[in-house]
Amino acid sequence: MNPTPSQAAALLRAAPIPSALREIAQILHDAGHEAVLVGGAVRDVLLGRLHGDWDLASSATPEEVQALFKKTIPTGVAHGTVTVVHGRGDNRIHAEVTTFRGEGRYEDGRRPTEVRFLRELREDLARRDFTINAFAWNPIREIFTDCFDGLGDLGRGIIRAVGDPAQRFQEDGLRAMRAVRLCAVLEYRLDLDTAAAIGGALDVLDKVSRERVHVELFKLLAAARPILGLLPMAETGIWSRVLVPLEREVLSAAIEHVDRLPRDPVIRLARLLWPLRADKAVIEKVIDNLRPSRDERARVLALTSPALEPLGRSRDPLEIRRTLAKLGRKYAADAAALHAGEWAQAVTIEEAIRGAPLAIGELAIGGDDLVREGLATPGPKLGKTLADLLDWVLEEPRRNTAEQLLAHLRS
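Residues numbered from 1 in each chain as written. Predicted model: local features only at pLDDT ≥ 70, side-chain atom pairs only at ≥ 80, totals over all residues. Heavy atoms only, no water.

**Student:** Teacher, can you tell me more about the packing of helix 8 (residues 174-186) against helix 12 (residues 227-236) here?
**Tutor:** Between two packed helices, both the angle of their axes relative to each other and the distance between the axes serve to describe the pair. At a minimum axis distance of 6 Å, the contact between helix 8 and helix 12 shows a crossing angle of 150°. Considered as vectors, helix 8 and helix 12 are oriented roughly antiparallel to each other. The hand of the helix 8/helix 12 crossing is right-handed. Where helix 8 approaches helix 12, its residues V180, C183 and A184 are matched on the opposing element by L228, G229, P232 and M233. Residues belonging to the contact of helix 8 with helix 12 are distributed by class as follows: six nonpolar, one polar and no charged. (Axes fitted to C-alpha atoms, helices over the stretch in contact; angles between N-to-C directions. Helix = DSSP H or I, 4+ residues; strand = E, 2+ residues; numbered from the N terminus. Parallel < 35°, antiparallel > 145°, perpendicular 65-115°, else oblique. Left-handed = near helix turned anticlockwise from the far one by under 90°. Contact = heavy atoms within 4.5 Å. Nonpolar A, V, L, I, M, F, W, Y, C, P; charged D, E, K, R; others polar.)

**Student:** I keep staring at the nonpolar core and nothing clicks. Help me out?
**Tutor:** Generally speaking, a soluble globular protein has its nonpolar side chains buried in company with each other. Of all hydrophobic cores here, the largest spans 84 residues; its most connected members are I159, L217, I238, V242 and L269. The element contributing the most residues to this core is helix 8, with nine residues. When neighbours within four sequence positions are excluded, L217 is seen to be in contact with M177, M233, V242, L243, L269 and L290. Counting 35 residues, the second largest nonpolar core, distinct from the first, contains L327, A376, L394 and L406. (Core = buried A, V, L, I, M, F, W, Y, C linked by side-chain atoms within 4.5 Å. Buried < 20%, exposed > 50% of the residue type's maximum accessible area, 1.4 Å probe, protein only.)

**Student:** I'm lost on the confidence of the model for the protein in this one. Help?
**Tutor:** Detailed conclusions should not be drawn from predicted coordinates in areas where pLDDT is low. Overall, the prediction assigns the protein a mean pLDDT of 91, with 96% of residues at 70 or greater. The least confident element of the protein is strand 7 (residues 115-117), whose mean pLDDT is 64; the most confident is strand 10 (residues 158-159), at 98. (pLDDT = per-residue confidence, 0-100.)

**Student:** Help me out: how do you make sense of the side chain of H33 in this one?
**Tutor:** Mapped onto the elements of the fold, H33 is located in the loop between helix 2 (19-30) and strand 1 (35-38). With sequence-adjacent residues up to four places away left out, H33 is seen in contact with L28, S58, S59, A60, E64, L68 and R119.

**Student:** Can you help me understand the pattern of salt bridges in this one?
**Tutor:** Opposite charge on two side chains permits pairing when their charged atoms draw close. What the rule picks out here adds up to 31 salt bridges. One salt bridge connects R277 with E309, and the closest N-O pair in it is separated by 2.8 Å. Remark: E309 occurs in the loop between helix 17 (294-303) and helix 18 (317-327) and R277 occurs in the loop between helix 15 (265-273) and helix 16 (280-289); sequence separation between them is 32 residues. By relative accessible area, R277 is classed as partly exposed at 24%. Take E309: its relative accessible area is 34%, and that puts it in the partly exposed class. (Salt bridge = Lys/Arg side-chain N within 4 Å of Asp/Glu carboxyl O.)

Structure follows, in structure tokens:
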């Protein structure tokens with residue numbers, strides 16, 4: 001898709017912009033300020049994609065914005081952002097209004113040491129990351145602005161930095177991750193000069209909080225075709241800074257496999273780390289460095305256990321059932337999806353576990369039943385008896401009835 005400026009304006013004119021947001025723009029306009037919608041939401045409208053929150057930028061300073069509206073929140077006044085609370089009932093919104101700005105040196109790879117408020121839109125757009133994010137739409141005057149041929153890059157399917165790519169990546173280390181994430185999400189490719197500039201800014205990426213890197217990586221891994229972001233991650237050197245270096249053939253195989261997995265970032269991350277399964281400490285270091293949630297960490301570690309290797313090759317139903325029983329029902333479906341590798345093996349795993357218990361709690365009888373029947377007494381031996389019963393049932397899942405289990409113990 002490569003819309004002309006007039007077509008872009010028509011698309012934006014028809015976009016479902018919240019009425020309260022239009023009112024905010026109108027109030028700013030009536031006070032003599034420019035108010036434009038910017039960022040990813042504008043881009044996504046032009047691509048016909050679902051979009052997130054609208055970003056509003058204005059020539060008004062934070063103090064001028066606060067003076068115009070009854071209720072505001074000083075979200076980030078030092079950096080030019082004020083949250084305006086406007087509208088009634090279901091139409092009430094919290095809209096961030098950010099002053100056009102230019103920025104000084106960046107010392108932490110993320111935040112500028114100083115911010116200069118501007119009155120000109122073009123100067124504000126010139127500091128943005130990529131051309132396809134440097135659009136602006138004035139909903140009051142209905143003017144579409146594209147100073148850096150972002151429309152052309154949309155048509156070409158290219159992620160290209162605004163202006164000097166080396167400077168853009170030095171300003172904000174997270175932009176390198178955003179570049180490869182956009183490649184995956186939009187199914188675009190990196191502009192050659194933009195890609196070449198990333199290698200010189202990896203030290204800036206190192207300064208970025210791992211929580212922010214985590215967000216970008218998981219968005220990439222949730223894309224329909226993560227390979228389009230993972231390949232440039234590897235080629236630009238980002239991979240080694242965010243994950244861990246792998247041999248070329250091993251890395252290529254992991255990336256190619258990820259595209260065939262369910263769109264679950266945790267399962268896909270586990271596949272990228274699977275080559276490291278023999279060294280749990282390395283996997284723990286990589287995943288902990290990404291600041292995961294407790295559940296994400298547990299899932300990755302469970303799915304990268306070397307004990308799961310039989311799932312990728314075994315045709316023996318009992319071996320498959322025993323392997324998944326050691327893992328537990330909670331992670332069984334994820335493990336099957338990750339390690340099947342090919343359709344035939346996925347069918348083999350599915351048939352092997354269909355109707356089979358994978359945990360003691362899934363047996364047709366429990367410890368209380370054994371005690372009541374006089375077949376066991378409370379204590380450590382009871383747990384051992386139940387474990388033995390589970391293993392007996394894993395040999396033949398149809399044995400999982402109360403009658404057969406009790407008869408087996410009595411015999």
